[in-house]
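Descriptive structure summary
These are the residues of each chain, in order.
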Amino acid sequence: MDRRMMVAGNWKMYTTSAEGAVLVQDMARELEAVHGDVEVVVCPPFTGLKAVSTVIEYDRVPIALGAQDVFWEREGAFTGEIAPGMLTHLGCTYVIVGHSERREHFNETDEIVNRKVKAAFASGMTPIMCVGEPLAIRESGETERFVRDQVLAGAAGLETDDAARLVVAYEPIWAIGTGRTPTPESANDVARSIRATIGAMYGPPAAMQMRVLYGGSVKPENAAHFFREPDVDGALVGGASLKAGSFVEIVKAATR
Ligand code: PEP
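It should be emphasised that the depicted structure is a prediction, and the values quoted were computed from it without experimental measurement.

**A short note on the overall build of the protein chain**
Along the backbone of the protein chain there are 12 helices and 8 strands. Compactness check: the protein chain gives a C-alpha radius of gyration of 17 Å against a globular reference of 18 Å for 256 residues, within 12% of the reference. For the C-alpha atoms alone, the extent of the protein chain along its principal axes is close to 45 × 45 × 35 Å. Looking at the protein chain as a whole, 54% of its 256 residues qualify as buried. Pairs at least 24 residues apart make up 74% of the contacts formed inside the protein chain by residues separated by at least 6 positions. Approximately 11,500 Å² of the protein chain is accessible, and the part contributed by carbon and sulfur atoms is 52%. Counting 25 positive and 34 negative side-chain charges, the protein chain places the averaged centre of each group 1 Å from the other.

**Remarks on the packing of helix α1 (residues 17–31) against helix α2 (residues 49–58)**
Between α1 and α2, whose axes approach to 8 Å, the crossing angle comes to 30°. For the element pair α1 / α2, the angle class is roughly parallel. Considering how the two elements wind past one another, α1 and α2 form a crossing that is right-handed. Side by side, α1 and α2 meet where S17, G20, A21, V24 and Q25 of the first sit next to A51, V52, V55 and I56 of the second. A breakdown of the residues in the contact of α1 with α2 according to their chemical character gives 6 nonpolar, 3 polar and no charged.

**A look at the state of the cysteines**
The full count for this structure, using the stated rule, is 0 disulfides. Cysteine C43 remains unbridged, with the sulfur of C92 as its closest cysteine sulfur at 8.0 Å.

**What about the site of the ligand?**
The immediate surroundings of the ligand are formed by 14 residues, with K12, E171, G177, S217 and G238 found nearest. The contact in question runs from an oxygen atom of the ligand to an N or O atom on the side chain of H99, over 2.9 Å. Here an oxygen atom of the ligand and a backbone polar atom of G238 are 2.8 Å apart. Notes on the ligand: free accessible area 290 Å², of which the protein chains cover 97%. Looking at the shell around the ligand residue by residue, the class counts come to 4 nonpolar, 8 polar and 2 charged.

**Some thoughts on unusual backbone geometry**
One non-glycine residue, T15, lies in positive phi territory at about 80°. By relative accessible area, which is 22% here, T15 ends up partly exposed. Positive phi is not limited to glycine here, since N107 has a value of about 55°. Tracing the backbone shows N107 in the loop between α4 (100–105) and α5 (110–122).

**Quick notes on the packing of aromatic side chains**
Taken as a whole and judged by the stated rule, the model has 4 aromatic pairs. Here F71 and F78 contribute two aromatic rings whose centre-to-centre distance is 5.0 Å and whose plane-to-plane angle is 50°, an arrangement assigned as tilted. Looking at F71, the relative accessible area reads 11%, which means it is buried. Site record: aromatic cluster; members linked through ring pairs are F71, W72 and F78.

**Remarks on the packing of α5 against helix α7 (residues 143–154)**
Where α5 contacts α7, the axes come no closer than 8 Å and their chain directions differ by 45°. On the basis of their axis angle, the class for α5 and α7 is oblique. Contact residues: D110, V113, N114 and V117 in α5; D149, Q150, A153 and G154 in α7. Classifying every residue of the contact of α5 with α7 gives 3 nonpolar, 3 polar and 2 charged.

Reading the values: rules and limits
Residues numbered from 1 in each chain as written. Predicted model: local features only at pLDDT ≥ 70, side-chain atom pairs only at ≥ 80, totals over all residues. Heavy atoms only, no water. Helix = DSSP H or I, 4+ residues; strand = E, 2+ residues; numbered from the N terminus. Rg over C-alpha atoms; globule rule 2.2 N^0.38 Å. Buried < 20%, exposed > 50% of the residue type's maximum accessible area, 1.4 Å probe, protein only. Contact = heavy atoms within 4.5 Å. Areas by Shrake-Rupley, 256 points an atom, 1.4 Å probe, with all protein chains shown as cover. Lys, Arg positive; Asp, Glu negative; His and termini not counted. Charge placed at Lys NZ, Arg CZ, Asp CG, Glu CD. Axes fitted to C-alpha atoms, helices over the stretch in contact; angles between N-to-C directions. Parallel < 35°, antiparallel > 145°, perpendicular 65-115°, else oblique. Left-handed = near helix turned anticlockwise from the far one by under 90°. Nonpolar A, V, L, I, M, F, W, Y, C, P; charged D, E, K, R; others polar. Disulfide = S-S within 2.5 Å. Near = heavy atom within 4 Å. Polar contact = N/O pair within 3.5 Å; in protein donor to acceptor, adjacent residues only side chain to side chain. Phe/Tyr/Trp six-rings, centres within 6.5 Å; stacked < 30°, edge-to-face > 60°.

Interpretation in functional terms is not warranted from these geometric data alone.
And the structure:
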């Protein structure tokens, strides 16, 4: 099964809407020199979605738009929250769910992540569901069990077709923004175990189709090493997605 490679940029809480528009224009220019079938996604802060989506639409930029979070209700008295339909209205086709920064700073549980995953699918978006272990779990040798439990809970109760479209980003917490990474082989072991978990839940065809990204200090210098691994279908990139040059170098590494 040939899964389409994906490189997604998580801009976190960086860029004003004007800066985001310039960044995506710069990326578009640099992407013109890239040949190969990679799905490129950018996830600006909520406030930048409109400006970035306008650039993508008017300049026909081959980049998909994603948000960094979503609430699960369709509408209502939920001050400060953003509904799935508000994101699709702006052109979002992806949404990051359960990033470790949200789990850590905003107390997102697996149950909350699961509600958001379901809400994303219900509105026609594809969730990029983040999982990953803290350092203590890695050091105790419990990584695969820990991540399996996150996948079992976060991806529970889906339609099989949706499970096949799911994107899971494996992001060891100790690797995010630190410059440290697992070896590509070890990232692949966890990616394979994530795929096996989806296979046990939804059957082998869904497992073969769903994509697993690696995330955590991916840079132009190390991206190709991860992309060579058979169960790694691309990357979720934080810091290196804030510069058009480094982001597009990572996209180039994913062309195969
Ligand atoms: C992330 O925030 O999802 C991430 C992987 O960050 P960084 O690439 O900066 O480690």
